[in-house]
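Chain by chain, the residues run as shown.
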Amino acid sequence: MTTHGKDTLEIRPLEPLAVEFTSSWHYEAGALIDEIGTPHGLARWVDAYRPRLGMDASTPAELGAPDVTAALAVREAVRDLLDALVDGGRPPAASLDLVTERARGVQRAAVGWPEAGPRLEWPDGVRVMDIVGAQVCASATRLLTSPRRGLLRRCPAPSCVLFFSALRTGQQWCSPACGNRARVARHSARTR
Ligand SMILES: [Zn+2]
């Protein structure tokens, strides 16, 4: 179980891909863990999110240490932008540049339309991390520049670092589990 009360890599289908990517860094059993901090972990994340990345099953997720470095840089930049949005501030220019530049990568994909239906087709030889960076950063730019940004929140529960979309009126926490922990923490603070 994680702080968001689900298996670590369980997909939250209603969250934009960019928000899901930031959730690869989260608390589990009281400790911060990083799902994508190793090549193996990053490959697992890619496999779990393959359909949302527009990658078919035949694209192997072979990732190495430089890909991890790139993935962590993308996640940090996306977090900077989401932080700036929820805090009403401005992000570091380098983070905005990185996300804008990476997002351009989606232009390398074409929409193919085989019998099974439309799908993204990436050029031969494209690096998996370039697909991940392009899709995550394109998702971030769409989120930041659409009315949906008004729903973005940072979970205020103790030991939670997740962003989430407040899809229900008055939703304060990323998950019922975080709401419960926050209530317990408030209660014990009052009775102390
Ligand atoms: Zn939370």
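Since the model is a prediction, treat every value here as computed from it, not as a measurement.

So, about the nonpolar core. Side chains that are nonpolar tend, in soluble globular proteins, to be buried together. Residues Trp45, Val46, Val78 and Val132 are the most contacted members of the largest nonpolar core, which totals 40 residues. Within the residue set of this core, elements represented by two or more residues are helix H1 (17-22), helix H2 (39-53), helix H3 (65-87), helix H4 (93-103) and helix H5 (128-144). Of all the elements, H5 adds the most residues to this core, at 11 residues.

Right, let's talk about unusual backbone geometry for a bit. The general pattern is negative phi for most residues beyond glycine and trans for most peptide bonds. Phi is positive for Ala29, which is not a glycine, with a value near 50 degrees. Positionally, Ala29 belongs in the loop between strand E1 (25-28) and strand E2 (31-34). Ala29 gets classed as exposed once you look at its relative accessible area, which sits at 79%. Unlike most non-glycine residues, Ser159 shows phi in positive territory, near 55 degrees.

Once that is clear, we can look at a nonpolar patch on the surface. Among the surface-exposed residues, Leu14, Leu151 and Leu167 lie close enough to one another that they form a single nonpolar patch of about 270 Å² accessible area. Mapped onto the fold, Leu167 is located in the loop between strand E6 (163-165) and helix H6 (176-191). Looking at Leu167, the relative accessible area reads 44%, which means it is partly exposed.

Only Cys155 (SG), Cys160 (SG), Cys174 (SG) and Cys178 (SG) from the protein reach the zinc ion as donors, at distances of 2.3 to 2.4 Å. Here the zinc ion is ringed by four donor atoms whose angles at the metal span 106 to 114 degrees, and the overall shape comes out tetrahedral.

UniProt feature "domain: Zinc finger CGNR" (unreviewed entry): in the numbering of this structure it lies at residues 152-190. As annotated, residues 152-190 has a helix share of 38% and a strand share of 15%, and its two end C-alpha atoms lie 30 Å apart.

Attention now goes to the pattern of salt bridges. Scanning the model with the defined rule gives 12 salt bridges in all. Notably, a salt bridge pairs Glu35 with Arg44, separated by 3.9 Å at the nearest N-O pair. You can call Arg44 partly exposed: its relative accessible area is 40%. For Arg119, the salt bridge goes to Asp56, with nearest N and O atoms at 3.5 Å. Remark: Asp56 occurs in the loop between H2 and H3 and Arg119 occurs in strand E4 (residues 119-121); sequence separation between them is 63 residues. Given the relative accessible area of 30%, Asp56 is considered partly exposed. Overlapping salt bridges, with partners in common, bring together Asp56, Arg119 and Glu121 in one network.

With that out of the way, let us pick up the environment of Gly64. Tracing the chain through its elements places Gly64 in the loop between H2 and H3. Taking relative accessible area as the criterion, Gly64 reaches 22% and is therefore assigned partly exposed. As for Gly64 and Pro91, which are separated by 27 residues in sequence, their C-alpha atoms are 29 Å apart.

Attention shifts here to H6. In a regular helix each residue adds 1.5 Å, so 16 residues correspond to 22 Å; H6 covers 23 Å between its end C-alpha atoms and thus fits that length. If you check which residues of H6 are buried, you get Cys178, Gly179 and Ala182. Looking straight down H6, one finds that the buried residues subtend no more than 105 degrees of arc, so they occupy a single side. Looking at H6, the residues exposed on the side facing more than 90 degrees away from the buried face are Pro176, Val184 and Thr191.

The rules behind each value
- Residues numbered from 1 in each chain as written.
- Predicted model: local features only at pLDDT ≥ 70, side-chain atom pairs only at ≥ 80, totals over all residues.
- Heavy atoms only, no water.
- Core = buried A, V, L, I, M, F, W, Y, C linked by side-chain atoms within 4.5 Å.
- Buried < 20%, exposed > 50% of the residue type's maximum accessible area, 1.4 Å probe, protein only.
- Helix = DSSP H or I, 4+ residues; strand = E, 2+ residues; numbered from the N terminus.
- Patch = residues over 30% accessible without salt bridge, like charges linked within 9 Å, V, L, I, M, F, W, Y side chains within 5 Å.
- Areas by Shrake-Rupley, 256 points an atom, 1.4 Å probe, with all protein chains shown as cover.
- Salt bridge = Lys/Arg side-chain N within 4 Å of Asp/Glu carboxyl O.
- Donors = N, O, S within 2.8 Å, 3.2 Å for Na, K, Ca; no water.
- Tetrahedral: all angles 85-135°; square planar, octahedral: opposite > 155°, others 65-115°.
- UniProt positions renumbered as here; feature names shortened; annotations may be inferred.
- Expected span 1.5 Å × (residues − 1).
- Arc of directions from axis to C-beta.

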